[in-house]
Each structure stands twice: as C-alpha cells, then as structure tokens.
Amino acid sequence: MQKKILILPGDGIGQEIVAEAVRVLDCLRDDFGLQVELETALVGGTAYDKYGTPLPEATLQLAKQADAVLLGAVGGYQWESLDIALRPEKGLLGLRSGLNLFANLRPAILYPQLADASTLKPEIVADLDIMIVRELTGGIYFGQPRGIRTLDTGEREGFNTLVYSESEIRRISKVAFDIAAKRGKRVCSVDKANVLECTELWREVMIEEGRQHPDIELSHMYVDNAAMQLVRAPKQFDVMVTTNMFGDILSDCAAMLTGSIGMLPSASLDENGKGMYEPIHGSAPDIAGQNVANPIATILSVAMMLRYTLNEPDLAGRVEDAVREVLDDGLRTADIYSEGMKQIGTDEMGHAVVAAMRRR
Ligand code: IPM
Ligand code: MG
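What you see is a predicted model; the values in this text were computed from it and never measured.

A few words on the sheet that holds strand β9 (residues 217-222). Taken in spatial order, the 10 strands make up an open sheet running β2-β1-β3-β12-β11-β4-β5-β10-β8-β9, and their pairing is mixed. The sheet is open, and its two borders are formed by β2 (36-40) and β9, each paired with just one other strand. Adjacent strand axes in the sheet meet at a mean angle of 20 degrees, parallel and antiparallel pairs treated alike. Here strand β5 (residues 129-135) runs beside strand β10 (residues 239-242); their pairing, made up of four bridges, is parallel.

See the structure below:
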C-alpha cells in the first residue's frame, strides 16, 4: 500500500540535507519498489516568515494525515528575538505534542571509520552503540504552569513545571524495555531522584515495570553521574531511558562521543509506530547554503523510518550499508574530514550514497 511521507525541510541547512535524503527516498521508490508518495510543507522560521506562525495549521494537518514525517531542522539567528511562542522551535515542539510523539529514540553509534573524529580516545569509544530513549511530550518542556511573572516586590520571576504522570512514565519505560530486549538487554534509567520528587516517582514506576521484564537488567543513575559516565566509560551503557530535558542534554553529549553530531539520526514515535524522523543536529545557520553540511544524519533518519514505520528492514539495511561503504571509500564532508580522506560537499555525499545503494 502506498504510504504518505511529509517532508519538512525547515530552516538553515535543513533545506540542503533534506534534499539529499529525498534523493535517497526517490531512489528507493524508483529502483527498489518502495511505495511512497512525498509531500512538502513549511515549518519553523520559514513558515513564520510566510504565515506568521512556526507551525501552520495546514502543516499540522498534513503531518497528521501522513504515515511518517521527515524533518530537517528549525531555527536561525533572524528569529531569535521573536516571542518564545513564535520561535521556530515551537514548530518542532508543536509537531511532537500534536502528533503524540512521546518516544524519542536517539542512537549514538560510532562508525569505526570515524574513530579519529571523536574527541575521546579511540579505545574509550570504539564500537560504541548506545540507544537513548528520551521522553518527548511531557516533563518540564510542556508542564504547566509556566511563564515569567512580576512579584509584589516588582522583581520578575521565571517558572516552569516538571511534571510526569505515572502513565507517561510507564509508556516510555515499555519502549525502553522493548528496545533493550532486541539489543543488549540492559536499561539504565536516568533521574534526579535524590532531589526531585517527580523523578522519585519516575524511578518507582521504572522499578515496577522492570519487574514485568525480568530478562532485562535495570539500573538507575542520577543525571549528573550519567553525564560523567558518558564521557568516562560510555560503553557501559546499552539503552538509557530518561526525561525530556535530561534526554535533550545527554543525547547531545552522547552524539559528540561519535565524532560528529552530523552522523546521528533520530526517531520520534507515537503509540502506533507512526513517526517523525530527523537528524539530531540543528539548523547550523552559519554554514547554511554553502553545500558543506553533512547529510548523513538525515539519510540515516530515512533508514530509521524504513525500519520503525514503513516496516522495510531490508531497505533500511541497504541505506545503512551504503553509508558505511561511502565512508570506507574515504568520502567525508567537512565535519568528519581527517587527513588522507577526500572532502566532498553535501550534494556529492547524497549522490555517493545513492550510487552505493544501486551498486549493492
Ligand atoms: C532537540 C532540540 C530541541 C529540543 C529544540 C530545537 C527545541 O534541541 O531536538 O534536541 O530541545 O528538544
Ligand atoms: Mg537538543
């Protein structure tokens, strides 16, 4: 059956990297029989410029109708002074909550070809393969009340609310246990249960759910220690599951272990496996339009889409193998360049991946 994919390039380098991922999708459709129909819409700053909102209703409706969404990135200097409700990031957050994409999967995998690109010693990161499962539609990102108020004294006060219901914790824990069952069978739940009641409950519910999954080894770690352990001995982790904000921070940290944030895809899933797929990195306005951005994270996001929503594991493998082959061939964008390799641009990287897919 024909599946609908909504393409949301967004801002900055989003345009260029998504174009290369679309090249991969076109190849899958034309040469490998993938039955997909692509549609494109605006989100983020570019949507704000045209419609006065970072998430036009039409975009949200198209996203709801689609089977999967492929997103580039949002944000840029020119929108930084806007009211927080109109900022490009609100477009992304609105999609996440509007589509109930509560489970964010952020793999951090080190490709052996890039071991030199990590800032950590090769022996610390060799063969690294971590999956961070980040709760994405709750916690302090969405908790009410929130705002900036003026006190009787005339002083202003900013406030946000960290809140998780038992059912929100339970459903994300299930995702983590299910993923761990297909990998190394270990889950580390990250919290701050020594200070925050909300995450005391988080830990309690994780322990309860853990009892339902006796084949999975469950451990717990405070977030400050988890940050330290990620750079000290990252290979101790298999699956990490954590709150929205802790996951935001730890996934950037984990990404850098792999050398470049330009390599890492992500999936944001709802209860039924519908998903939005996007690179972990941002819109990098400083290099936008220069054909230097690395499109691999977005291309690997297509692979995750094939695996998690379109149920095409073989095609997912084909895309991932093609990326490996291109790296083996020594082709590198600027962010992963090292001496002796061949530096190429965004579009050449896309072409090279497609050529490798066809060769296999
Ligand atoms: C991410 C980003 C977003 C987040 C921003 C752009 C709103 O940092 O996807 O990690 O904080 O979730
Ligand atoms: Mg982030």
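More follows now that the structure is in view.
Moving on to the packing of aromatic side chains. This structure, assessed with the given rule, holds one aromatic pair. Positioned above the aromatic ring of F159, the side-chain terminus of R149 is 3.7 Å from the ring centre.

In this section: the domain arrangement of the protein. Its domain assignment divides the protein into domain 1 (1-102 + 270-360) and domain 2 (110-262). With centres defined by C-alpha atoms, the gap from domain 1 to domain 2 works out at 24 Å. Domain 1 puts 21 residues into the contact, and the matching count from domain 2 is 18 residues. Where domain 1 abuts domain 2, roughly 1800 Å² becomes buried across the two surfaces, and 64% of that area is made up of carbon and sulfur atoms. Our count for the domain 1 to domain 2 interface comes out at one salt bridge. In this structure, the salt-bridge partner of R171 is E271, at a minimum N-O distance of 3.8 Å. In this structure, the connection of domain 1 to domain 2 is made through seven residue pairs in polar contact (both at pLDDT 80 or more). Among the elements of the structure, α4 (88-98), α10 (296-308) and α11 (313-328) are those that each provide at least two residues to the side of domain 1 that touches domain 2.

Our focus in this paragraph is the pattern of salt bridges. Across all of its chains, the model carries 20 salt bridges by this definition. For R29, the salt bridge goes to D30, with nearest N and O atoms at 3.3 Å. A salt bridge links R307 to E320; the shortest N-O distance between them is 2.5 Å. Taken as a pair, R307 in helix α10 and E320 in helix α11 lie far apart in primary sequence, 13 residues in all. Judged by its relative accessible area of 34%, R307 falls in the partly exposed class. Residue E320 is classed as buried on the basis of its relative accessible area of 16%. The network of salt bridges with common partners includes E166, R170, E208 and E209.

Time to look at the site of ligand 1. Taken together, the neighbourhood of ligand 1 is formed by E89, L92, R96, R106, R134, Y141 and D248. In the environment of ligand 1, an oxygen atom lies 2.8 Å from a nitrogen or oxygen atom belonging to the side chain of R106. Within the contact set of ligand 1, an oxygen atom lies 2.8 Å away from a side-chain nitrogen or oxygen of R134. It is α4 that contributes the most residues to the shell around ligand 1, three residues altogether. Domain assignment of the residues forming the shell around ligand 1 places at least three in each of domain 1 (1-102 + 270-360) and domain 2 (110-262).

Another aspect to go through is the pairing of strand β8 (residues 186-191). Counting buried residues along β8, five of its six residues qualify, which places the element largely inside the surrounding structure. Bridge count between β8 and β9: six bridges; the pairing is parallel. Paired with R186 across the two strands is E217, which belongs to β9. Handedness of the β8-helix α7 (residues 197-211)-β9 crossover: right-handed.

Between Q144 and the following residue, P145, the backbone shows a cis peptide bond with an omega angle of -5 degrees. With respect to the helices and strands, the residue P145 is situated in the loop between β5 and β6 (147-150). Not every positive phi belongs to a glycine, and D127 is a case in point at roughly 65 degrees. Tracing the sequence through the fold places D127 in the loop between α5 (122-125) and β5.

Rules of the game
- Residues numbered from 1 in each chain as written.
- Chains lettered and ligands numbered in written order.
- Predicted model: local features only at pLDDT ≥ 70, side-chain atom pairs only at ≥ 80, totals over all residues.
- Heavy atoms only, no water.
- Pairing = 2+ DSSP bridges.
- Helix = DSSP H or I, 4+ residues; strand = E, 2+ residues; numbered from the N terminus.
- Axes fitted to C-alpha atoms, helices over the stretch in contact; angles between N-to-C directions.
- Phe/Tyr/Trp six-rings, centres within 6.5 Å; stacked < 30°, edge-to-face > 60°.
- Lys NZ or Arg CZ within 6 Å of the ring centre and 35° of its normal.
- Domains from an automatic or database assignment.
- Contact = heavy atoms within 4.5 Å.
- Buried area = accessible area lost by both parts, 1.4 Å probe.
- Salt bridge = Lys/Arg side-chain N within 4 Å of Asp/Glu carboxyl O.
- Polar contact = N/O pair within 3.5 Å; in protein donor to acceptor, adjacent residues only side chain to side chain.
- Buried < 20%, exposed > 50% of the residue type's maximum accessible area, 1.4 Å probe, protein only.
- Near = heavy atom within 4 Å.
- Right-handed = clockwise from strand over helix to strand, strands pointing away.

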